[in-house]
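Structural features, examined
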Amino acid sequence: MSLSPLAYADSLRVGTIDFVSPDEIRAQLDIEAPDQVALNTGEPRVFPRVNGYVLIPCDGGYLVAQVVWITIERSQYPKRQGLKDFGLIDLPYPLRKMSLTPMGVLSLNDEITRSTTSYEFHRGVEGYPTVGDPVLIPTQAQLRAIIESGKNRYVLIGHSPLAANAEVRVDPNRLFSRHLAVLGNTGSGKSCSVAGLIRWSLEEAKEQREDAGSNNNSPNARFIILDPNGEYSNTFCDIDGTQIFAVEGNDACKQLKVPFWLWNTEEWATFAKASSKTQRPVLAQALRSARDGVFDMSVLPSADMRRYLRSLLSAIQEDIGSGRPWKSPGTIRGFRDKLQVWRKGLECNNQFTDLETQIISQLDSYIDDALLNSHAGEWPQAFNRNEIKKLEKGLSKAYSIFGGKDKDGSPLSADLPRFFAADSLLRGIEANALMMNVSEHVETMAMRVRAMLADDKIKQVSEAGDSFTLDQWLNTYIGDNGDKRGPVTVIDLSLIPAEVIQIVTAVIARMTLEALQRYRKLNDGKVLPTVLVMEEAHMFIKRYSQDSDDQSASRLCTEIFEKIAREGRKFGLGLVLSSQRPSELSPTVLSQCNSFLLHRISNDKDQELVHRLVPDNMHGLMRDLPVLPARQAILMGWASELPVLVEMNKLPENQQPKSSDPDFWEVWTGKESRSVNWKAVADDWQQVNSSVEGDDSSHA
C-alpha cells in the first residue's frame, strides 16, 4: 500500500540511503539534520541515537531500521566557495553517516481518520530500499506502534526508553510455551524479572476472569518454582493458595516430600553409584521385586513363585540382550552358575495346581538340558541360542500360568511409581544378587544404599508412608481442581543434602513432565498448561561432554531438563531458566529457548555465547549488555516482534525475591544492627531441641 500525504507529513526527513545490502543499510545525513535534539512536529527527541529507530518509505508503508553506528567522514570532494578578488579555496566538508539494520515494516491500518493515523508493525522485510530513498525520524505514535504492535499482548512488563517510553507487553502463550531464558549478572535484576513475569501474568489473568464474571477469580495457572537458594519463600505469600515446600517444614512452609518410590532406575543407579555391568541389573531387578511386593526366596507359594518367575524372566532377557550366554566358552561360567542357582528356587509346592506343577517340572528339564549341553567335554561350551530362547519362552509361559498379567508376559517395569519400603529394596538387592550369583560384586552398592537411606536429612525428603499415594503427590505439587489451590508452588531446595539435591530436582522435573504426558493421553490430546521455573539454572543444567560415559547426578539432572526443553511444549510444559552463567548451561536447553530476557552481562564467555544465540543481526543492541543498569533488559525472540530494550516494572520490596546485595556498610557503621548467637544456629543445625536464649557473647 502507498503512504498517504498525511502520514508522510508526520515524519521529518534527516538523510538519504547511499548503500544497501541484506545485512546492512547505510544512510548519509543531511547537512540540516539535527545533531542533538530533533523537534519533530513539536515533540523534542534525541537524534541521532545508537539503537534508535528510523523509517524509510517503501511500498508497504515504512521500512523500520535500527541505528547500529554513527560516524563522520571527510568527503573526497571538498565544498568550494568563491571569494571576491581572491579566487577559490577548499573548505572541509564533513559527512555524517549511520549504519542501519532492517527490522520490519510499519504499515498504516485500514481504519484512518482525518484526525488520527494508526500504524501496525510487522516483523520481516519483503523489499529493500534503493540508493537515494529518504530517511525519516518516526513520530511518537510511530515509535509506540513499533513496540506495541502485536496480538494478545495482555501482560505489561515495562516500558522502552528508546521508543518514547512505549509500553512493552507480551503474549503469555509466546512467552511461556516455547521456553524463556532470563540471563544476567548477579544484581542485574534477574530474580525480580522472573518474579514480576509470574506475578504480572497472574494479575492480568485474574482481572480478565473478573471482567468475564467468573465465580472463581483465581487463575487456573500452575507455576512450579525450583528455588535452590530460598529466595522466593515470601515472594508470593500475598497470592491466595500459594504453597511453599522446604526440607524443614514449619508454620510458613510445608515439609517437602519426594519419596524414593517415585525414583526410576536411572535415578536410583546414580544415587547408589551402581556400575553398569553388574550392579545396575541387580538394582533394576530389586526395584521390580520391591514394587511388586516382598521378595523372599525361602518362601515360594503361588504368588511368590509368580514374582520369582518374573525376576527370572527379566534377568534372562537382560542376558539375551547382551548376547552373553553364547559369546564364547570362556565367558559362560557365570551364566551356568546362575542357572544352577535359579533351579534351586524352582521347587514345587503342594499348594500348586497340577498345571503349575507341570510347568515347573518342564522348566527344570529345560535348565537341566541346557546345563548338560554346555558342559559336554572338559571345558564348558557356549550355550546354544535356541536353548536359551526355549528357556525364555518356558519362563514366560510359566509366569502367565502363575497369574502374571503383564503384557506379553513381560516383567513389571522397574520404573513404575509404586510404593515400597526401603527395607524391601535392600532385601531385594540381596536376594537378586544371590539369584544372579553376583553377591560379592553388589556388596559395596548395598552398603552405599543402606548408609544414605539412614541419613536423617535424606530421610526427611525421601521417606513417606504408604498412605501418601501417587495421586496425592500430583495433587500437592502440580495442583488439582480445588478452589483453595494456588497458582504458585515454591519448592525450596536450599537445605537438601548435596548428595541428592540434583537427583531430587531431576525427579520433580521428570514426574511433572510424565504426569502431563499422561494427562494429555487421557484427555483427548488436550494439555494442562504448566510452567517449570529453574532458578540458578547453571547449577542443575550444566553442559557436559557427549563423549563421556559419566553418569553423575549432574548429568542425570541436565538430561531430564534437555528432554523437557525438547518435548515439554507438546505436553503443555513451559520452561523458564534464570542464570548468571549462560556459558555453563547445556547448549541443548539454550538452543530450545525461543525467548530471551537479557540483563547486564559482563563476562566475555557469556557475552560470546549470547551473541551466538541471537537469531537476528542485532549485534549492535547486544553491545549494550555490559553497561545495562539494573532493571533494564533486552527482550528478544518469539515473545517480541523485534528485540527491544525494556525497563522492567518495579516490584514493591515485599514482593521481591531475597536476592538483594548485602548491606556491608550499613552494618559496619551501625545503621543496621546484627546480633550473633551461634548457639541457636548450632542447635538448629544439629537438630537439638532446646530453647536458646541470648548470651553475653552476642554483639552488634
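Model, not experiment: these values are computed from the prediction.

Each value, and the rule that gives it
- Residues numbered from 1 in each chain as written.
- Predicted model: local features only at pLDDT ≥ 70, side-chain atom pairs only at ≥ 80, totals over all residues.
- Heavy atoms only, no water.
- Helix = DSSP H or I, 4+ residues; strand = E, 2+ residues; numbered from the N terminus.
- Buried < 20%, exposed > 50% of the residue type's maximum accessible area, 1.4 Å probe, protein only.
- Areas by Shrake-Rupley, 256 points an atom, 1.4 Å probe, with all protein chains shown as cover.
- Axes fitted to C-alpha atoms, helices over the stretch in contact; angles between N-to-C directions.
- Parallel < 35°, antiparallel > 145°, perpendicular 65-115°, else oblique.
- Contact = heavy atoms within 4.5 Å.
- Nonpolar A, V, L, I, M, F, W, Y, C, P; charged D, E, K, R; others polar.
- Phe/Tyr/Trp six-rings, centres within 6.5 Å; stacked < 30°, edge-to-face > 60°.
- Pairing = 2+ DSSP bridges.
- Disulfide = S-S within 2.5 Å.
- Salt bridge = Lys/Arg side-chain N within 4 Å of Asp/Glu carboxyl O.
- 1 Å grid on protein atoms, 1.4 Å probe; cavity = no way out; pocket = protein on both sides within 12 Å on 5 of 7 lines; lining within 4 Å.
- Points joined across faces, edges and corners; volume = space filled by probe spheres on them.
- Patch = residues over 30% accessible without salt bridge, like charges linked within 9 Å, V, L, I, M, F, W, Y side chains within 5 Å.
- Expected span 1.5 Å × (residues − 1).
- Polar contact = N/O pair within 3.5 Å; in protein donor to acceptor, adjacent residues only side chain to side chain.
- Core = buried A, V, L, I, M, F, W, Y, C linked by side-chain atoms within 4.5 Å.
- Left-handed = near helix turned anticlockwise from the far one by under 90°.
- pLDDT = per-residue confidence, 0-100.

Within the protein, the regular secondary structure consists of 21 helices and 23 strands. Taken over 700 residues, the protein has a buried fraction of 49%. Per element, the accessible surface of the protein, about 34,400 Å² overall, is 48% carbon and sulfur.

The contact between helix α5 (residues 265–272) and helix α15 (residues 501–522) brings their axes to 11 Å, and the two run at 175 degrees. With respect to α15, the element α5 is oriented roughly antiparallel. Facing α5, whose interface residues are Glu267, Thr270 and Phe271, α15 presents Ile503, Ala506, Val507 and Arg510. Taken together, the residues of the contact of α5 with α15 sort by class into four nonpolar, one polar and two charged.

Taken as a whole, this structure holds 13 aromatic pairs when the rule is applied. For the ring pair tryptophan 261 and phenylalanine 419, a centre distance of 6.2 Å and an interplane angle of 70 degrees mean the geometry is edge-to-face. Of this pair, tryptophan 261 sits in the loop between β17 (254–255) and α5 while phenylalanine 419 sits in the loop between α10 (385–401) and α11 (422–435); the two residues are 158 residues apart in sequence, bridging distant segments of the chain. Ring centres of tryptophan 263 and phenylalanine 271 lie 5.2 Å apart, and the angle between their planes is 80 degrees; on these two criteria the pair is classed as edge-to-face. Joined through ring pairs, the aromatic side chains of Phe260, Trp263, Trp268, Phe271 and Phe420 make up one cluster.

Time to look at the pairing of strand β14 (residues 180–183). Both faces of β14 are covered, namely the face carrying Leu180 and Val182 and the face carrying Ala181 and Leu183. Here β14 runs beside strand β21 (residues 595–598); their pairing, made up of four bridges, is parallel. Of the residues in β21, the one forming a bridge with leucine 180 is serine 595.

Right, let's talk about the state of the cysteines for a bit. Applying the stated rule across the entire model yields zero disulfides. Among the cysteines around cysteine 237, which has no disulfide bond, cysteine 253 carries the closest sulfur, lying 9.8 Å off. Among the residues examined, cysteine 237 registers a relative accessible area of 48% and is labelled partly exposed.

As a further point, take the pattern of salt bridges. This structure, assessed with the given rule, holds 21 salt bridges. Glutamate 248 serves as the salt-bridge partner of lysine 457, at 2.6 Å between the closest nitrogen and oxygen. Within this pair, whereas lysine 457 is found in helix α13 (residues 456–462), its partner glutamate 248 is found in the loop between β16 (243–246) and β17, the two being separated by 209 residues in sequence.

With that settled, consider empty space enclosed by the protein. Applying the stated rule across the entire model yields seven cavities of 30 Å³ or more. Lining the largest cavity are Ile146, Ile147, Arg153, Val168, Arg169, Leu635, Ala639, Ser640, Glu641, Leu642 and Val644. Counted by class, the lining of the largest cavity contains seven nonpolar, one polar and three charged residues.

This next bit is on a nonpolar patch on the surface. A cluster of nonpolar side chains, contributed by Phe664, Trp665 and Trp668, occupies part of the molecular surface with about 450 Å² of accessible area. Overall, the relative accessible area of 63% leaves tryptophan 668 in the exposed class.

Most peptide bonds take the trans configuration, and most residues that are not glycine carry a negative phi. Phi angles above zero are rare outside glycine, and asparagine 165 is one such case at about 60 degrees. Tracing the backbone through its elements, the reader meets asparagine 165 in the loop between β12 (155–160) and β13 (166–170). A positive phi angle, close to 75 degrees, is found at histidine 179, a residue other than glycine. Within the element layout of this structure, histidine 179 appears in the loop between α3 (172–177) and β14. For histidine 179, a relative accessible area of 2% gives the class buried.

Let us now look at helix α16 (residues 553–567). Taking 1.5 Å as the rise per residue, α16 with 15 residues should run 21 Å; its terminal C-alpha atoms sit 21 Å apart, in good agreement. Burial analysis of α16 places eleven of its 15 residues in the buried class, which makes it a mostly covered element. Along α16, the residues classified as buried are Ala553, Ser554, Arg555, Leu556, Cys557, Thr558, Ile560, Phe561, Glu562, Ile564 and Ala565. Close packing links the buried residues of α16 with β15 (223–227), α5, α15, β19 (530–534), β20 (573–579) and α17 (587–592).

Within the secondary structure, aspartate 683 is located in helix α21 (residues 678–686). One polar contact links aspartate 683 to lysine 679, side chain to side chain, over a distance of 2.9 Å.

The subject of this paragraph is the sheet that holds strand β18 (residues 488–492). Remark on secondary structure: sheet strands pair via backbone hydrogen bonds, oriented parallel or antiparallel. Pairing is mixed across the open sheet formed by twelve strands, whose spatial order is β13-β12-β23-β22-β21-β14-β20-β19-β15-β18-β16-β17. Edge strands, defined here as strands with exactly one partner in the open sheet, are β13 and β17. Sheet topology note: the β16/β18 ladder contains three bridges and is parallel. Each bridged residue has a counterpart across the sheet, and for glutamine 243 the counterpart in β18 is threonine 489.

With 17 residues, α10 should cover 24 Å at 1.5 Å per step; its first-to-last C-alpha distance of 24 Å lies within 8% of that length. Residues of α10 that are buried include every one of Ile388, Leu391, Glu392, Gly394, Leu395, Ser396, Ala398 and Tyr399, and no others.

Counting residues in hydrophobic clusters, the biggest one holds 121 residues, and the most contacted among them are Trp268 and Phe561. Here this core takes eleven residues from α15, the largest share from any one element. When near neighbours in sequence (up to four residues on either side) are disregarded, phenylalanine 561 contacts Leu226, Thr505, Ala509, Leu532, Met534, Phe540, Ile541, Leu575 and Val589. Counting 53 residues, the second-largest nonpolar core is a separate cluster that includes Ala166, Phe236, Leu597 and Leu651.

Closest axis-to-axis distance for the α5/helix α6 (residues 279–292) pair is 10 Å, and the angle between their directions is 125 degrees. As far as their axial angle goes, α6 and α5 are oblique. Where α5 crosses over α6, the two elements pack in a sense that is right-handed. Side by side, α5 and α6 meet where Thr265, Glu266, Trp268 and Ala269 of the first sit next to Arg280, Leu283, Ala284 and Leu287 of the second. Here the contact of α5 with α6 is composed, by residue class, of five nonpolar, one polar and two charged.

Our next topic: the confidence of the model for the protein. Looking at the protein, the pLDDT average stands at 81 and 83% of residues meet or exceed 70. Within the protein, β19 carries the highest mean pLDDT (96), whereas helix α1 (residues 5–10) carries the lowest (44). Note on residues 1–9: pLDDT under 50 across the span, and 23 contacts to partners over four residues away in sequence or across chains. Contacts from residues 294–300, a stretch scored under 50 in pLDDT, to residues over four places away or in other chains number 17 contacts.

Across six bridges, the pairing between strand β5 (residues 53–58) and strand β6 (residues 61–74) is antiparallel. Each residue of the ladder has a partner; that of proline 57, found in β6, is tyrosine 62. In this structure, the hairpin formed by β5 and β6 is closed by a connection of two residues. Across twelve bridges, the pairing between β6 and strand β9 (residues 94–108) is antiparallel. Looking at the pairing, tyrosine 62 lines up with leucine 106 of β9.

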